[in-house]
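Chains, contacts and geometry: an overview
Each chain, written out:
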Amino acid sequence: MTQLALVIDLNVCVGCHACVTSCKEWNTSGTAGALADMNPFGKDPTGTFFNRVQTFEVGSYPNTETVHFPKSCLHCEDPPCVPVCPTGASYKREEDGIVLVDSEKCIGCNYCSWACPYGARELDEERKVMTKCTLCVDRIYDESLPENERKPACVNACPTNARLFGDVNDPDSEVSQAIRDQGGYQLMPEWGTHPANHYLPRRRTHITIHDDELVRADNPLNKERQLPMPDADDPTLDETTSW
Amino acid sequence: MHPAFSVIFLTTLIGAGQGLFLALYTGQLYSAFKLLPVQDSANYYVLGSLIVLVLLIAGLVSSFFHLGRPERAWRAAARWQTSWLSREVIVLPAFTGAVAAWGLVHYTGWNPLLFTISDTYEIDLSLVVGAAATLLCFFLFLCTGMIYACIKMLQEWATPLTVVNYTLLGISSGFILATGFAAWQDSGLVDFFGGWAIFVTILAFMTRTASLIRNARIRHKSSLETAIGIRHRHIEQKAQGSMAGSFNTREYFHGASQRNFKYIKWVFLVLVFPLPLMLLSIGLSAQAISLLIAAFLIQYVGLLAERWFFFAQANHPQNLYYQTV
Ligand code: SF4
Ligand code: SF4
């Protein structure tokens, strides 16, 4: 069974919000209607977004690290938001595991948004129906687009390639390999939602150097005890002789 | 969570309606089994069921204000296999219908004797209709409570105590109303209802306090560490993806100051339990209708505060993502 998902590399994300704007741009022209933008130039602008980039600071000064954290619906494999919906407007597609809301059926009761631990669902203030990331379901199968553009808008927009898209149930897919090789993890595993989207952790490359790797431990003269061991800061044999 | 007034009114109004119906029907059962004098005034049951209906319908109307698309509300009956909300949407009208039928049987007087038990107890149509309504009534309490109790992410709600409290608080409110109603109708059941009202209110006080104690000691399963998957004790949010509010900041936060939040807890603890109990006992011994009615009204105001607090106290894990603008 296919389960399409995003894999987001926190090691690479620079927090530029390109995915946020391209998501909004694509989805506000979707068939379900525009994503609300209330008071865009007023005091308290607010609106519907399927994807938001948040920023966290990890550690205390001066040992801090800034983590940019894109957040959208994780298309859980066991989505708690679906069974609670009284109308059946929220559903998970059999064929590719995408979780969707049927905007024609939704009564805007907010109940599904209570069941999602990630706050991934937002009620659209204008259309009064629940909205969320669709994984650009109206894009990824569109054969009128060139093949390399049949991906969610956010994936196409990301300048650092922090967003990968594919089938997490196919062990050979790019996303599955990335999860395996680079320690991909899921958010809030404690709720048993089995999110399909994964995150790749921040990674630092460390190399451990031991003292004896800095010192000529194999000094042949020392070995034969003809001369005392030279001081550590003396020039080495390699430096004093030209072969 | 943000307490929505539509839901606060829905749950308190139907709770009172359900409790009142249970009180009236208990009275009827007792008389059928010859434990209490029979209520022969036709008005008593007809008026009683009318009040129940008014409360239920007022609750139903208020629930519509919660919906973004009320015109599609009928669709909500579709997923009764999985959704407690859907079940409530079916059971509420069914119960309302059953109460209407019960009232109608009393009103028309068409109440044929169906069978007798050991030749002494006569079971007529109204008793059977009432029994069906009673079943629906308890199922409605179960649905209402489970809507909240079944969401395991809201740990303050995810306990059987939620269902117990909805049921007992509804019954308490309904029985207090029934006491006032019986006094007004001069029906002789005042002490019967009053006694039960006091008993149930004390019981509700114990279970509601139990849930307060439970929630005060709750350990939340999610933390910023699990929310973003980074193991570090010091994680601080610097931006939440928008400078002003969003659905996420409006729907899941109660927005009251910590002081008012605590204050409302004490308000409801006083208004729902000791004050009505006091008024009830004085009203019962002095046979003062006005005190009995006041007991119901004051407790109803308290129940509004109780429901507000119930919502406000629930801490949604998504709030971890919305700590600072
Ligand atoms: S992230 Fe939330 S909205 Fe998306 S599938 Fe999971 S529970 Fe449902
Ligand atoms: S808001 Fe819409 S999608 Fe969500 S539970 Fe209600 S009807 Fe279903």
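All values reported here derive from a predicted model rather than from experimental measurement.

1. Some remarks on the sheet that holds strand E3 (residues 235-239) of chain B
Strand order in the open sheet formed by three strands is E5(A)-E4(A)-E3(B), and the pairing between neighbours is antiparallel. Pairing within the sheet leaves two strands with one partner each, and these edge strands are strand E5 (65-72) of chain A together with E3 of chain B. For this sheet the average axis-to-axis angle between neighbouring strands, irrespective of direction, equals 35 degrees.

2. Examining the interface of chain A and chain B
Residue-level contacts link 54 residues of chain A with 60 residues of chain B. Overall, the association of chain A and chain B removes approximately 4600 Å² of surface from exposure, summing both partners, and the carbon and sulfur fraction of that is 59%. Broken down residue by residue, the surface that chain A buries against chain B is led by A:Ile107, A:Trp114 and A:Trp191, which jointly contribute 18%. Where chain A touches chain B, the interface holds two salt bridges. One salt bridge connects B:Lys238 with A:Glu57, and the closest N-O pair in it is separated by 4.0 Å. Linking chain A with chain B are 34 residue pairs in polar contact (both at pLDDT 80 or more). Elements supplying a minimum of two residues to the side of chain A that touches chain B: strand E4 (51-58), E5, helix H2 (111-115) and strand E8 (122-123) of chain A. In terms of residue count, E4(A) provides more of the side of chain A that touches chain B than any other element does, seven residues in total. Note: E4(A) against E3(B), four bridges, orientation antiparallel. When the bridges of E3(B) are listed, A:Thr55 appears paired with B:Ala239.

3. Considering the site of ligand 2
What surrounds ligand 2 is a group of 13 residues, the closest being A:Cys85, A:Ser90, A:Cys106, A:Cys109 and A:Cys112. Residue composition of the shell around ligand 2, by class: nine nonpolar, four polar and no charged.

Quick notes on the rules
Note that residues are indexed from 1 along each chain, following the sequence as it is written. Each chain is given a letter, starting from A, and each ligand a number, starting from 1, according to the order in which they appear as written. At least 70 in pLDDT is required for a residue's local features to be given in this predicted model, at least 80 for side-chain atom pairs to be given and counted, and no such filter applies to totals for whole chains, interfaces and linings, which use all residues. The basis for the side-chain values is all heavy atoms of the structure; hydrogens and waters are excluded. Any two strands between which DSSP finds at least two bridges are classified as paired. Strands here mean DSSP runs of E at least two residues long; helices mean DSSP runs of H or I at least four residues long; both are numbered from the N terminus. In this analysis, axes come from line fits to C-alpha atoms, helices being fitted only over the stretch in contact, and the angle between any two N-to-C directions falls in the range 0 to 180 degrees. By definition in these notes, contact holds between two residues if any of their heavy atoms fall within 4.5 Å. Accessible-area loss on putting two parts together, using a 1.4 Å probe and summing over both, is the definition of buried area adopted here. Any Lys or Arg side-chain nitrogen found within 4 Å of a carboxyl oxygen on Asp or Glu counts as a salt bridge. Pairing of N or O atoms within 3.5 Å defines a polar contact, subject to two protein rules: one partner must be a possible hydrogen donor and the other a possible acceptor, and residues neighboring in sequence count only if both atoms are side-chain atoms. When we say a residue is near a molecule or strand, we mean one of its heavy atoms is within 4 Å of it. Asp, Glu, Lys and Arg are counted as charged, while Ala, Val, Leu, Ile, Met, Phe, Trp, Tyr, Cys and Pro are counted as nonpolar; the rest, among them Gly, fall into the polar class.

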